[in-house]
Amino acid sequence: MKKLVLLSTCLLLLGGCLQQEEAVTDQLVGPLDTVSAVTLYGSDSRRIIDEVFAAVSDIDMRMSAISQDSELARISAGAGGPVAVSSDVFALVEEALAISAETNGAFDPTIRPVATLWDLGSGNERIPSDNEIAEAMSKIGYARVTLDKTTRGVSLDSLGMALDLGGIAKGYACDTAVAILKKNGARRGIIDLGGNIYAYGTKLGGKPWVVGVRTPIPGENGYFCTLNVSDKAVVTSGAYERFFEKDGRRYHHIFDPSTGRPADNGLLSVTIVASSATVADALSTACFVMGAERGRAFLAERRDAEGIFVTEGMDVLLSPGLLGQVEIADGRFRLAGEK
Amino acid sequence: MNRRDILIIATFLLFAGVWGAVKLVAGFGDARDAEAVAEISVAGKIVDILPMSGEERDVSIVGALGPLTVRVGSGTAYVAASSCPSQDCVRAGKITSRGQCVACLPNRALIRVKGGATANANSEVDAIAE
């Protein structure tokens, strides 16, 4: 009898709890040049998601490198002299430059003249000449950006330079969304800003979220591996989404600031797992540019981020902190070291 | 409290438990059983909703930049052709599960799967980092 009463009570409570934990999901198309999706559980989810989307739109408006009205556009237009910006734009530029220095320029927010030259996604992509690349390279360099904390001034040292936070702004928006969730007492959810994932809290019952990593093959929407995470960002950079092909060779959108050409080091994708989505976003680009060997060594020293590197040979290499944490879900891929 | 009182309370709790279990199962069932449809919107306005079952058929829509062809059927939906310069939406491939979406940003077009099984139910992941 006691067991029967206990079982009934548990079922009642479980049914009641799950009714209160109904998921609310919504999507925002356009800002940050992507589709943003937020899934939350709890009674106030709709209002919190609206607040997140308002913040994402605001970040896009002020930090877009494309819009003529953004603060970033003002910095680029005012190259050669200081331009005063808002405190969060200043802080993000400062963080971007710090990561540039740490990665010896593998991540570089001044890469825009090179990206503009290649013009991926325009429909007019072409392989620039060596002279054109050299000319564009003369306009980049993170060390040529100076900051003045007292005036919140950002200076690019010569005309033609441009600042682009595209490699870090989605991560920053993700962290901003997390702050909004925390402020509003949200307990669990998934933030997905164009594939930049933040797994917030845990699933019902305290289990970690299961995040898949996109199969880095064009046209395939599945995932090749999974990992369990809570309160972590998972961000991927890969050569499979934006590219063009010429003479059997693929030219993708992740440029190596040391060559002015698409990074070419045998990688298909790099995924970074970190508490900070801002860091994860920037380091996924940096580690892709560095390549598997240098990238893993860099992460092993840095310790606040872990990485999954996928080579063109479908080998999956992990940074030390992820060993034993990643499960392969697609038989075409294999963890390095496994037969 | 005599034996009869305990029996009444136990009976009540049993019915309550069964009710809770029914709601639990019904909740999951709702999510799984609704037919999967592809909802197509442009600039936030829904322009078509199509069942994803049956043979593949093409739907022509007008985006912010120009025409798009969305192919829906055999449990999938994808952008078969687009007027956008980057063709990222065409390369994005097929979507199959509730919650998945594919967008053509220059055309401000979004195709998303509603109803049917979640990617969760099929693949046991809560999100895909890409």
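Residue indices begin from 1 for each chain and proceed along its sequence in written order. To label them, take the chains in the order written and letter them from A, then take the ligands in the order written and number them from 1. Totals for whole chains, interfaces and linings use all residues, but because this is a predicted model, local features are given only for residues with pLDDT of at least 70 and pairs of side-chain atoms are given and counted only at 80 or more.

Chemist: Quick rundown of the overall build of chain A? Include the residues and the values.
Modeler: Per the convention used, a helix needs a DSSP run of H or I reaching at least four residues, while a strand needs a run of E reaching at least two, with both numbered from the N terminus. Of regular secondary structure, chain A possesses nine helices and 19 strands. Just to be clear, the radius of gyration here is over C-alpha atoms, and the globule rule we use is 2.2 Å times residues to the power 0.38. Its C-alpha atoms give chain A a radius of gyration of 22 Å, within 12% of the compact-globule value 20 Å for 339 residues. Counting only C-alpha atoms, chain A reaches 85 × 50 × 40 Å along its principal axes. The buried share of chain A, taken over its 339 residues, is 49%. Remark: residues whose backbone-derived C-beta atoms lie within 7 Å of one another are considered to be in contact. A sequence separation of at least 24 residues applies to 60% of the contacts in chain A between residues at least 6 apart. To assign burial, the other C-beta atoms lying within 10 Å of each residue's own C-beta are counted, with C-beta atoms placed from the backbone; 20 or more indicates buried, 12 or fewer indicates exposed, and intermediate counts indicate partly exposed.

Chemist: Quick rundown of the overall build of chain B? Include the residues and the values.
Modeler: Counting its regular elements, chain B contains three helices and eight strands. For chain B, the succession of helices and strands along the chain, N to C, is α-β-β-β-β-β-α-β-β-α-β. Burial statistics for chain B: of 130 residues in total, 34% are counted as buried. Summarising the internal contacts of chain B: among those between residues at least 6 apart in sequence, 29% fall at separations of at least 24.

Chemist: Quick one: what's the story with unusual backbone geometry, residue by residue and with numbers?
Modeler: Positive phi, normally seen in glycine, also occurs at Arg303 of chain A, with a value near 75 degrees. Positive phi values are uncommon outside glycine, yet Ser74 of chain B reaches one of about 55 degrees. Relative to the helices and strands, Ser74 of chain B is located in the loop between strand E4 (67-73) and strand E5 (76-82). Ser74 of chain B gets classed as partly exposed once you count the C-beta atoms within 10 Å, which come to 13.

Chemist: Residue-level account of the pairing of strand E1 (residues 37-42) of chain B, with values.
Modeler: Residues and elements named next belong to chain B. When E1 meets strand E7 (residues 109-114), the two strands line up antiparallel, connected through six bridges. Directly across from Ala38, in E7, lies its bridge partner Val113. In terms of strand pairing, E1 meets strand E2 (residues 45-51) through six bridges, oriented antiparallel. Among the inter-strand pairings, Ser41 is bridged to a residue of E2, identified as Ile46. DSSP bridges decide pairing: two strands pair if at least two such bridges lie between them. Between E1 and E2, which pair antiparallel and follow one another directly, the connecting turn spans two residues, one of which, Ala43, has a positive phi of 50 degrees.

Chemist: Before we move on, can you summarise the sheet that holds E4 of chain B with the specific residues and values?
Modeler: Residue and element names in this part refer to chain B. In spatial order, the strands read E3-E4-E5; together these three strands make up an open sheet with antiparallel pairing. With partners counted over all chains shown, the strands left at the sheet margins are strand E3 (57-62) and E5, one partner each. Each neighbouring strand pair of the sheet contributes to a mean axis angle of 25 degrees, computed without reference to strand direction. With axes taken as lines fitted to C-alpha atoms, and helix axes fitted only over the stretch in contact, angles between N-to-C directions fall between 0 and 180 degrees.

Chemist: Tell me about the confidence of the model for chain B, residues and numbers included.
Modeler: Residue and element names in this part refer to chain B. A score from 0 to 100, pLDDT tells how confident the predictor is in each residue. Looking at chain B as a whole, the pLDDT averages 79, with 76% of positions reaching at least 70. Per-element mean pLDDT across chain B ranges from 48 in helix H3 (residues 119-123) up to 95 in E4. A low-confidence stretch, residues 23-33 (pLDDT under 50), is modelled with ten contacts involving residues beyond four sequence positions or located in other chains. Note on the complex model: pTM 0.83, ipTM 0.89.

Chemist: Can you break down helix H7 (residues 169-183) of chain A residue by residue, with the values?
Modeler: Residues and elements named next belong to chain A. Each residue after the first adds 1.5 Å to the expected span of a helix. The first and last C-alpha atoms of H7 sit 21 Å apart over 15 residues, in line with the 21 Å expected at 1.5 Å per residue. Burial of H7 is extensive: eleven of the 15 residues sit out of reach of the surface. For H7, the complete set of buried residues consists of Ala169, Lys170, Gly171, Tyr172, Ala173, Cys174, Thr176, Ala177, Val178, Ile180 and Leu181. Positive phi appears at Gly185, one or two residues downstream of H7, with a value of about 75 degrees.

Chemist: Describe in detail the pairing of strand E6 (residues 101-104) of chain B, supporting the description with residues and values.
Modeler: Residue and element names in this part refer to chain B. Residues of E6 alternate between two faces, with Cys101 and Ala103 on one and Val102 and Cys104 on the opposite face, all of them buried. Where E6 lies against E7, four bridges are found, and the strand directions are antiparallel. The residue bridging Val102 from the neighbouring strand is Ile111, located in E7. The hairpin turn running from E6 into E7, its antiparallel successor, is four residues long, and Arg108 in that turn takes a positive phi close to 55 degrees.

Chemist: Describe in detail the environment of Ala199 of chain A, supporting the description with residues and values.
Modeler: Locating Ala199 of chain A in the fold gives a position in strand E7 (residues 196-200). Given 27 C-beta atoms within 10 Å, Ala199 of chain A falls into the buried group. The spatial distance from the C-alpha of Ala199 of chain A to the C-alpha of Leu322 of chain A is 17 Å, given a sequence separation of 123 residues. Not counting the four nearest positions on each side in its chain, Ala199 of chain A is found in contact with Ile190, Trp209, Val211, Val229, Ser230 and Lys232 of chain A together with Ala127 of chain B.

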